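So the chains spell out like this:
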Amino acid sequence: MTSATLLTPARTSRPGGDRPGATTRAAERAYIRVLVVLDTAVLAVAILAGYLARFGDEPPTGSEIPYVVVAPVLLLVWLVSLRAMRCYDDQVLGYGADEYRRVSAASLRLAGGIAIAGYIADVGVSRGFLAISFAVGTIGLEVARFAARKRLHRARDRGAGWSRKVLVVGDTAHVLELVHTLRREPYAGYQVVGACIPDALLAPVPQRLGDVPVVGSFRGIPEAATAIGADTVAVTASGELTATRLRRLGWQLEGTGVDLVVAPALTDVAGPRIHTRPVAGLPLIHVEAPEFRGARKLVKGFVDRSLSLIALLLLSPLLGVLALAIKLDSRGPVLFRQTRVGQGGEEFGVFKFRTMVVNADALLAELAARNETDGLMFKMRDDPRVTRTGRLLRRWSLDELPQLANVLLGHMSLVGPRPPLPSEVARYDGDVARRLLVKPGMTGLWQVSGRSDLSWEDGIRLDLYYVENWSLAADLTILWKTFGAVLGSRGAY
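Residues numbered from 1 in each chain as written. Predicted model: local features only at pLDDT ≥ 70, side-chain atom pairs only at ≥ 80, totals over all residues. Heavy atoms only, no water.

Draft legend 1. Fine view of the overall build of the protein chain. Each helix and strand counted, the protein chain has 15 helices and 13 strands in total. A total of about 25500 Å² of accessible surface is found on the protein chain, and carbon and sulfur atoms cover 62% of it. (Helix = DSSP H or I, 4+ residues; strand = E, 2+ residues; numbered from the N terminus. Areas by Shrake-Rupley, 256 points an atom, 1.4 Å probe, with all protein chains shown as cover.)

Draft legend 2. Structural detail: empty space enclosed by the protein. Per the counting criterion, the structure on display carries 1 cavity of 30 Å³ or more. Lining the largest cavity we find V341, G342, P417, R418, P420, R435, L436, V438, K439 and P440. (1 Å grid on protein atoms, 1.4 Å probe; cavity = no way out; pocket = protein on both sides within 12 Å on 5 of 7 lines; lining within 4 Å. Points joined across faces, edges and corners; volume = space filled by probe spheres on them.)

Draft legend 3. Structural view of the pairing of strand β7 (residues 259–262). As defined by bridge partners, strand β6 (residues 232–235) adjoins β7 across 4 bridges and the pair is classed as parallel. When the bridges of β7 are listed, A234 appears paired with V261. Handedness of the crossover joining β6 and β7 through helix α7 (residues 243–253): right-handed. (Pairing = 2+ DSSP bridges. Right-handed = clockwise from strand over helix to strand, strands pointing away.)

Draft legend 4. Molecular detail of the environment of L436. Assignment of secondary structure puts L436 in the loop between α12 (422–425) and β13 (441–443). Sequence separation between L436 and G342 is 94 residues, and the spatial gap between their C-alpha atoms is 6.3 Å. Among all residues touching L436, those that are not within four sequence positions of it are V341, G342, Q343, G344, G345, P420 and V425. (Contact = heavy atoms within 4.5 Å.)

Draft legend 5. Spotlight on the pattern of salt bridges. This structure, assessed with the given rule, holds 14 salt bridges. The salt bridge involving D399 is made with K352; its shortest N-O contact spans 3.6 Å. Taken together, the residues D399 in the loop between α10 (388–395) and α11 (403–409) and K352 in strand β11 (residues 347–353) connect sequence positions 47 residues apart. Of the two residues, D399 and K352, neither departs from the other in class, the shared state being buried. (Salt bridge = Lys/Arg side-chain N within 4 Å of Asp/Glu carboxyl O. Buried < 20%, exposed > 50% of the residue type's maximum accessible area, 1.4 Å probe, protein only.)

Draft legend 6. Inspection of the nonpolar core at higher detail. Counting residues in each nonpolar core, the largest one holds 28 residues, and the members touching the most others are Y31, L43, W78, L82, F129 and L141. Mapped onto this core, the elements with two or more residues apiece are α1 (22–55), α2 (67–84), α3 (98–121) and α4 (127–157). Once you skip the residues sitting within four places of it in the chain, L82 turns out to touch D39, L43, C87, Y88, V103, A106 and L141. (Core = buried A, V, L, I, M, F, W, Y, C linked by side-chain atoms within 4.5 Å.)

Draft legend 7. Representation of the side chain of K352 within the structure. Relative accessible area serves as the criterion here: at 18%, K352 is assigned to the buried category. Those residues in contact with K352 that sit more than four places away from it in its chain are V334, L335, F336, D399, E400, P402 and Q403.

Draft legend 8. Just the packing of α2 against α4, in detail. At their nearest, the axes of α2 and α4 sit 13 Å apart, and the two run at 40 degrees to each other. Comparing their axes, α4 and α2 come out oblique. Seen along the crossing, α2 lies across α4 with a hand that is right-handed. Along its contact with α2, which presents Y67, V70, L74, W78 and L82, the element α4 presents F129, L130, S133, F134, G137, T138 and L141. Looking at the contact of α2 with α4 residue by residue, the class counts come to 9 nonpolar, 3 polar and no charged. (Axes fitted to C-alpha atoms, helices over the stretch in contact; angles between N-to-C directions. Parallel < 35°, antiparallel > 145°, perpendicular 65-115°, else oblique. Left-handed = near helix turned anticlockwise from the far one by under 90°. Nonpolar A, V, L, I, M, F, W, Y, C, P; charged D, E, K, R; others polar.)

Draft legend 9. Main features of the side chain of N406. Among the secondary structure elements, N406 is positioned in helix α11. Within polar-contact distance, the side chain of N406 engages the backbone oxygen of G349 at 2.9 Å. Those residues in contact with N406, other than ones at most four positions away along the chain, are F348, G349, V350, F351, H411 and M412. (Polar contact = N/O pair within 3.5 Å; in protein donor to acceptor, adjacent residues only side chain to side chain.)

Draft legend 10. Representation of a nonpolar patch on the surface within the structure. Residues V299, F302, V303, L307, I310, L314 and L472 make up a contiguous nonpolar surface patch of roughly 620 Å² in combined accessible area. By residue number, the principal contributor to the nonpolar patch is helix α8 (residues 295–329), which donates 6 residues. Along the chain, the position of F302 falls in helix α8. Among the residues examined, F302 registers a relative accessible area of 59% and is labelled exposed. (Patch = residues over 30% accessible without salt bridge, like charges linked within 9 Å, V, L, I, M, F, W, Y side chains within 5 Å.)

Draft legend 11. How the structure looks around the pairing of strand β3 (residues 190–197). Here β3 lies mainly inside the structure; 6 of its 8 residues are buried. Pairing of strand β2 (residues 164–169) with β3, which is carried by 6 bridges, proceeds in the parallel orientation. Within β3, the position partnered with K165 by the bridge is Q191. For the segment spanning β2, helix α5 (residues 172–184) and β3, crossover handedness is right-handed. Here 3 bridges tie β3 to strand β5 (residues 212–217), and the two strands are oriented parallel to one another. Counted as the bridge partner of A195 is V214 from β5.

Draft legend 12. Molecular detail of the packing of aromatic side chains. On inspection of all chains with the given rule, the structure shows 4 aromatic pairs. Relative to F55, the ring of Y51 has its centre 5.2 Å away and its plane inclined at 55 degrees; by these criteria the two rings are tilted. Of this pair, Y51 and F55 both sit in helix α1, 4 residues apart, which is roughly one turn of the helix. Considering the side-chain rings of W78 and F134, the 4.5 Å spacing of their centres and the 40 degrees angle between planes classify their relative orientation as tilted. Taken together, the positions of W78 in helix α2 and F134 in helix α4 put the pair 56 residues apart, joining distant regions of the chain. Judged by relative accessible area, F134 falls into the buried class, the value being 9%. Directly above the aromatic system of W162 lies the positively charged group of R156, at a separation of 5.1 Å from the ring centroid. The lysine or arginine in question, R296, covers the ring of W470, its NZ or CZ lying 4.5 Å from the ring centre. (Phe/Tyr/Trp six-rings, centres within 6.5 Å; stacked < 30°, edge-to-face > 60°. Lys NZ or Arg CZ within 6 Å of the ring centre and 35° of its normal.)

Keep in mind these values describe shape, not function.
Rendered as C-alpha cells:
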C-alpha cells in the first residue's frame, strides 16, 4: 500500500563533504550495498541453478559455448540492468511497490533483449539454461528485496535503520496533519525532526507543535535544515508560501544535499490514479476517478467466485472438524447467520461459525459500558460471551471461513471493506457511506493492519482508501499479507 500522503520529490544535487543528513546518507549507502550483495548472491545461485538443471554435473556436449564465461558475463549484465532501471534509487527503496516493479522489469527486459540478440546473432546458448536462470533469478530478487525491506521496517519501527530526517514547513494545522500522517507509518522512513511556520505565528519563546520543535520561519528554511541536520524539507499547505517562494526555496537548497518534497493537501490516493502533467509551467496533478464497474470488476468477481469454490472444496474436511468441535463445546447451532449490509446498502446474511453463547445479543446491553473501542463497533478482549472453542476460532480467524459461501453467492468479495451491521450503517455520515460502493470482503486493509487493535477512525480510513484505490494486484497483496496477520494473531479477539 502507498503512503497516505503523496510526496512529490524535487531532487537536488548531492555533493560530497560534511552536509546536512550525512549520517542518513551513510546509512542509505550501507543499505544499498547490502542490496547489491544480496542481488549478486541471488543471481549467482540462479545462474548456477539454471546450469545444473539444464546440464547436470556433466559439461554440455556438442556445444562450443564456454559457459564458464557466459555465466559471469550474464551476472554482470544483469546487475547493470538493475542499475540502469534505477533499482537502487533511494526514492523507491524501502516502501511502495515501485521497487518490485523495477526489479521485475529489469529482469524481463534483459531476458527479452538476450532472446532477440541470440536469435539475430544465431548464438547457441541453451534456451533452457536462460529460461530457468531468469525464472529463478527474478523470483529470488523479489524475495530478497522483500526480506531486506522487512528487516528495514522492523529497524525503523524501533527508531533505528535508515530514515530520512524531515523538516516540515507550512501552517500549524497542516504541519500537525502531515506529522501525524508520517508517524502513522514509521516504517515508511520519514522521521520528523523540526518545523518551520509562518513569521506571523512565531513567538518570542521556543515553541513546539505537539512534540515537534519549531526551529524557524519561512525566511530561514535552509539554515533551519542545516541546524537540525535534516536531509529532507517537506512543504505542506500555507497561504504565505507562494509558488515563487517555493521555487526560490528549491534554488536555495541546490548543492546543500537536502531534498525538497511537496505534500499536497490531496491524501489517500494511490499512485496509479495520479498523473502529473506540466501545463503553463505548473506541475498539475490529475486524479482519475475511482473505478466501481467495468471489465476489471467482472474479472474481480470471476476470481472471487472461482477461488472461493476451490477453497471450499479443499477446506471441507477442516470445516467438518470445526463444526463438530463447536457442537460438542456448547449448546446451539454450528453456524451463526447475522444480517450485514453489502454493496449499495443491500442487506444479506453473513455466515460465520458460532463463537458465542446462544443469548449473546441479549447480554450485549449489560456489557456496553465495557466497550474497548471508539466509534460504532463493540469490541472487548475478554468478552464473557465467547465460548472456549470460539476463542480458538477467533484467534486464528477460523470462524470466518463459512463466509467463502457468501463470496460464492456474490454477496461478498475475498478482499474489501469490513461488512457493517445495519445499526452501524444507520449512523453513517456521507463520507463513511462510501464504504458501501463496493462489496464487503472477508479480509482487507483493516485485517492486515491490526484488525481490532485499530481505532474506528483508522479502520474507516483504510476502508475508504481501498474503495478509492482497489486493484487486482492490491487484492493479491492483501490476501498474501492476510496469512501473516492470521498466523501472528494480530488484533484477534
